[in-house]
Amino acid sequence: MSPTSPANPGCATRRLTTAQALVAFLARQYTERDGRRQRLISATWGIFGHGNVAGIGQALVEAGGGRSDGGGNGGAGNGAAHRMPYLQGRNEQAMVHAAVGYARQSGRLSAHAVTTSIGPGATNLVTGAALATINRLPVLLLPGDTFATRPADPVLQQLEVEYAGDVSVNDCLRPVSRYFDRITRPEALIPAALQAMRVLADPAGTGAVTLALPQDVQAEAYDWPEEFFAERDWHVRRPAPDAYELEAAVRAVRSARRPLIVAGGGVRHSAAEETLAAFTAATRIPVASTQAGKGALRHDHPADVGGIGHTGTATADELARTADLVIGIGTRFSDFTTASGTLFANPDVRFLHLNITGFDAHKLAALPLVADARAGLEALTAALAGRGYRVDPAYETEYTGAKEAWEERVEASFATPDPIARPTQTQVLGLLDALVTEDDILINAAGSLPGDLHKLWRTRSRDQYHVEYGYSCMGYEIPAAIGVLLADGARTGPGRPRRPVWALVGDGTYLMNPTEIVTAVQENLPLKLVILQNHGYASIGGLSESVGAERFGTAYRHRDADGGFTGPPLPVDLAANAASLGMRVLRAATVDDLRTALSEARDASGPTCVYVETETPDTVSGPPPAQAWWDVPVAETASRPAAVKAREEYDRQVAARRRHL
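These figures come from a predicted structure and were not determined experimentally.

S.K.: What exactly am I supposed to notice about the overall build of the protein here?
M.R.: Secondary structure assignment for the protein yields 24 helices and 23 strands. Against the globule reference of 26 Å for 661 residues, the protein gives a C-alpha radius of gyration of 26 Å, in line with a compact fold. Once the C-alpha set of the protein is aligned to its principal axes, its extents read approximately 80 × 70 × 55 Å. A total of 661 residues make up the protein; the buried ones form 57% of that total. Taking all contacts inside the protein whose residues are at least 6 apart in sequence as the whole, residues at least 24 apart take part in 75%. Total accessible area computed for the protein in this model is approximately 25800 Å², and 53% of it derives from carbon and sulfur atoms. Put simply, the protein has 63 plus and 73 minus side-chain charges, and the middle of one group is 4 Å from the middle of the other.

What follows is the structure in structure tokens.
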């Protein structure tokens, strides 16, 4: 007979360590939305040290933590359906990035856990946690912590705080987590674990969730009630709009003459792309997109006018300047989207924000429509259907004509007139554009590529465009691509070919975080890595020049005689580095070489790198300049002419900023 729980007399119990109980619990959590059920925590990433090796590490061994495309064993003699697969990372921050890529590709319905030791292993999680929370993507963090019982104080890697005995380095994770708890007693895991799952599955409140695990508590045994290990389904809700807010939204739309939709990441998270297409078909309202929302409509949809804001298209930004109603759908309206408060210039402009969070729905003094994006669009479409709303045909002709004109600028940027020349960055994108289908996925996060992609890329499917721009974190691309490949493998099943996944990185980003190449090689994942070598921080170099900082500290070059960095480029061979980590590398010196290499990489069954040194763009093949402003304050006093001139331009631009009240 099983023992009973002291907390629940008569309830059968199972004696496990805290770590074993946590792993067993996680293996039995599921999400459900629209009738689709899947594991909430489908695998655990880990790097082991003294703070987690004997706790979570041992528990993963008990749980049969080998690789699995299905999902895992909860420990202590349980079946294959409850295995907990283990994934080996090389850098703690990168493991979080991989988990975030997985969660995004899984529609936020499935996530990964990440376990680390105490000390630097735990603090390395902070950047990844911030990225996850800012982008509203679920990841479970399980850092080891110092002893709860304090038998030896301090222990190795412990931060001593003179004014508080209960603080550890894990407290750095509090501001970047949507939920944080420190499990100082085994029984405290029960409510904390349930709260953690609630937040991970909450479409309005998800992000990084941290359960800090003191290393002694991880290994401590407890009699756990069997009910703790029962399978649980966490329903991912689709809240419908309030009737009053819906009626106000209908009135706002019907009175608008020049409405513009701004589609954000919430469209994708809600799987509302078809609903948005139906809404635009009925109303003919044009749709601009944020970085997170690009792909809400295909690039060739008549209503799609491209990216908006500082990195947007001329078409979308001109429409934004004259719009009398801006309809935000699932967007946070960051400064890039609003051009730092200068873009929506119509003195009579109003805002209507459909968002699952009231916090975002009320931004810019908008009429709020607090609801799931798909449920809200369905309700708005139905409410407008009987009232005969559609934009004026002249407005539709205006934006479709402007879209055609912009497409000519895209073609000019992508053109490769000289097949034996060194390609520019935009020509690299053009060659990719000619090669990919709707199956391909492009991943990027930082540098000059996000601006070029937002303006120029022709998105062919809802999930092709994967640019992380909430945190714009250098080093995200390679691990995120691994996460996407793992999610795609779980979707297609064992033995089936995965979709082509491209990680596009500059040399600055590559040098930040190339280590997970080893993981891609270990798992034999067909990652397609494109390294663009331009000898420095090209994006910040351009920004530096525009704000009077004269590209200081942005080039990767030897020092000159005066101590500056204007000497020859550094003799760094990133292709050789990638090869040393196990990748097959294809070097491309010309446009023709690159075309061949990209095609070969796309067909490859293992991790493959394409390395190309890019040319500085000229007036023919360079990207169009920024179509809207971005506020980066310039020195108010300076002696150097470049800064003085930049300040004059800054004062001119900032005068156009307004607060929407």
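S.K.: Quick question: what am I supposed to make of helix α1 (residues 18-26) here?
M.R.: An α-helical turn contains 3.6 residues, so any two residues separated by three or four positions project in the same direction. Among the 9 residues in α1, 9 count as buried, and that is most of the element. Inspection of α1 places Thr18, Ala19, Gln20, Ala21, Leu22, Val23, Ala24, Phe25 and Leu26 among the buried residues, and these make up the whole buried set.

S.K.: I tried to follow the sheet that holds strand β5 (residues 86-88) on my own but got confused; where do I start?
M.R.: Strand pairing within a sheet occurs via backbone hydrogen bonds; the two strands may be parallel or antiparallel. Strand order in this open sheet of 6 strands is β5-β4-β6-β7-β9-β8, and the pairing throughout is parallel. With one partner strand each, in any of the chains shown, β5 and β8 (179-182) form the two edges of the open sheet. For this sheet, the mean angle separating the axes of adjacent strands, direction not counted, is 20 degrees. Alignment of strand β6 (residues 111-116) against strand β7 (residues 139-145), held across 4 bridges, turns out to be parallel. Bridged to Thr115 within β7 is Leu142.

S.K.: Hey, could you run me through the environment of Leu435 in this one?
M.R.: Turning to its location among the elements, Leu435 is positioned in helix α16 (residues 425-435). With relative accessibility at 23%, the residue Leu435 sits in the partly exposed group. Residues Leu435 and Tyr556, 121 residues apart in the sequence, show an inter-C-alpha distance of 31 Å.

S.K.: Would you take a moment to explain the packing of aromatic side chains for this structure?
M.R.: Under the definition given, this model contains 13 aromatic pairs. Ring geometry for Phe333 versus Phe351: centroids 6.5 Å apart, planes at 85 degrees, classification edge-to-face. Of the two residues, Phe333 is situated in the loop between β15 (325-329) and α12 (335-338) and Phe351 in strand β16 (residues 350-355); the sequence distance between them amounts to 18 residues. Just as Phe333 is buried, Phe351 falls in that class too.

S.K.: Sorry, what's going on with the confidence of the model for the protein here?
M.R.: In low-pLDDT segments, the atomic positions of the prediction should not be examined closely. In this model, the protein carries a mean pLDDT of 94, and residues with pLDDT of at least 70 account for 95%. Counting interchain partners and residues more than four positions distant, the pLDDT-below-50 stretch residues 68-78 has 45 contacts.

S.K.: It is not clear to me how the sheet that holds strand β11 (residues 232-235) should be interpreted in this structure. Could you clarify?
M.R.: With mixed pairing, the 3 strands of this open sheet are ordered in space as β3-β2-β11. Both outer strands of the open sheet, β3 (36-39) and β11, are each paired with one neighbouring strand and no more. Within the sheet, the average angular offset between the axes of one strand and its neighbour, ignoring direction, is 30 degrees.

S.K.: Would you mind showing me how to read unusual backbone geometry here?
M.R.: A negative phi angle characterises most non-glycine residues, just as the trans form characterises most peptide bonds. Residues Asp153 and Pro154 are joined by a peptide bond in cis, for which omega reads 10 degrees. Along the polypeptide, Pro154 turns up in the loop between β7 and β8. The backbone phi angle of Arg284 is positive, close to 60 degrees, even though this residue is not glycine. Residue position: Arg284 is located in the loop between α10 (273-283) and β13 (287-289). Given a relative accessible area of 25%, Arg284 falls into the partly exposed group. In this structure, Phe333 is a non-glycine residue whose phi angle is positive, near 55 degrees.

S.K.: Explain a nonpolar patch on the surface to me, please; I cannot follow it from the model alone.
M.R.: On the surface, Leu511, Leu570 and Val572 cluster together into a nonpolar patch covering about 220 Å² of accessible area. Along the polypeptide, Leu511 turns up in helix α19 (residues 507-512). Among the residues examined, Leu511 registers a relative accessible area of 45% and is labelled partly exposed.

S.K.: Would you take a moment to explain the pattern of salt bridges for this structure?
M.R.: Between side chains of opposite charge, a pair can form as their charged atoms come close. Under the criterion given, the structure shown has 41 salt bridges. Across the pair Arg37 and Asp233 runs a salt bridge whose closest N-O atoms are separated by 2.8 Å. You can see Arg37 sitting in strand β3 and its partner Asp233 sitting in strand β11, a full 196 residues away along the chain. A residue is classified by how much of its surface remains accessible, and Asp233, at 46% relative accessible area, is partly exposed. In this structure, Glu396 and Arg390 form a salt bridge, with 3.9 Å as the shortest nitrogen-oxygen distance. Classification of Glu396 as buried rests on a relative accessible area of 19%. Arg390 gets classed as partly exposed once you look at its relative accessible area, which sits at 46%. Each member of the salt-bridge network shares a partner with another, and the members are Arg33, Asp34, Arg238, Asp372, Arg374 and Glu378.

S.K.: Sorry, what's going on with the packing of helix α11 (residues 314-322) against helix α15 (residues 393-414) here?
M.R.: At a minimum axis separation of 8 Å, α11 and α15 run at an interaxial angle of 145 degrees. On α15, the residues touching Ala314, Thr315 and Leu319 of α11 are Tyr395, Glu398, Tyr399, Ala402, Lys403, Trp406 and Arg409. Partitioned by chemical class, the residues of the contact of α11 with α15 number 6 nonpolar, 1 polar and 3 charged.

S.K.: What should I look at first to understand the nonpolar core in this one?
M.R.: Considering soluble globular proteins, one finds that nonpolar side chains tend to be buried as a cluster. In terms of nonpolar packing, the biggest core is built from 52 residues, with Val114, Leu141, Tyr510 and Leu529 touching the most fellow members. No other element matches helix α18 (residues 477-492), which puts 8 residues into this core. If sequence neighbours within four positions are ignored, Leu529 has contacts with Ile478, Ala503, Val505, Tyr510, Ile517, Met583, Thr608, Cys609 and Val610. Val262, Ile327, Ala371 and Val391 belong to the second largest nonpolar core, which has 51 residues in total.

S.K.: How should the side chain of Asn170 be read in this particular structure?
M.R.: With respect to the element layout, Asn170 can be found in the loop between β7 and β8. Of the residues examined, Asn170 reaches a relative accessible area of 1% and is grouped as buried. Within the local environment of Asn170, its side chain forms a polar contact with the backbone oxygen of Gly144, the two atoms lying 2.9 Å apart. In this structure, Asn170 is in contact with Ala122, Pro143, Gly144, Asp145, Phe180, Arg182 and Ala212, ignoring residues within four places of it in sequence.

S.K.: What's the story with the pairing of β8 in this structure? I'm lost.
M.R.: In this sheet, strand β9 (residues 208-214) lies alongside β8 in parallel orientation, the contact comprising 4 bridges. Its bridge partner lying in β9, Asp181 is registered against Leu211. Once the chain exits β8 it traverses helix α6 (residues 189-200) before rejoining the sheet at β9, and the crossover so formed is right-handed.

Reading the values: the criteria
- Residues numbered from 1 in each chain as written.
- Predicted model: local features only at pLDDT ≥ 70, side-chain atom pairs only at ≥ 80, totals over all residues.
- Heavy atoms only, no water.
- Helix = DSSP H or I, 4+ residues; strand = E, 2+ residues; numbered from the N terminus.
- Rg over C-alpha atoms; globule rule 2.2 N^0.38 Å.
- Buried < 20%, exposed > 50% of the residue type's maximum accessible area, 1.4 Å probe, protein only.
- Contact = heavy atoms within 4.5 Å.
- Areas by Shrake-Rupley, 256 points an atom, 1.4 Å probe, with all protein chains shown as cover.
- Lys, Arg positive; Asp, Glu negative; His and termini not counted.
- Charge placed at Lys NZ, Arg CZ, Asp CG, Glu CD.
- Pairing = 2+ DSSP bridges.
- Axes fitted to C-alpha atoms, helices over the stretch in contact; angles between N-to-C directions.
- Phe/Tyr/Trp six-rings, centres within 6.5 Å; stacked < 30°, edge-to-face > 60°.
- pLDDT = per-residue confidence, 0-100.
- Patch = residues over 30% accessible without salt bridge, like charges linked within 9 Å, V, L, I, M, F, W, Y side chains within 5 Å.
- Salt bridge = Lys/Arg side-chain N within 4 Å of Asp/Glu carboxyl O.
- Nonpolar A, V, L, I, M, F, W, Y, C, P; charged D, E, K, R; others polar.
- Core = buried A, V, L, I, M, F, W, Y, C linked by side-chain atoms within 4.5 Å.
- Polar contact = N/O pair within 3.5 Å; in protein donor to acceptor, adjacent residues only side chain to side chain.
- Right-handed = clockwise from strand over helix to strand, strands pointing away.

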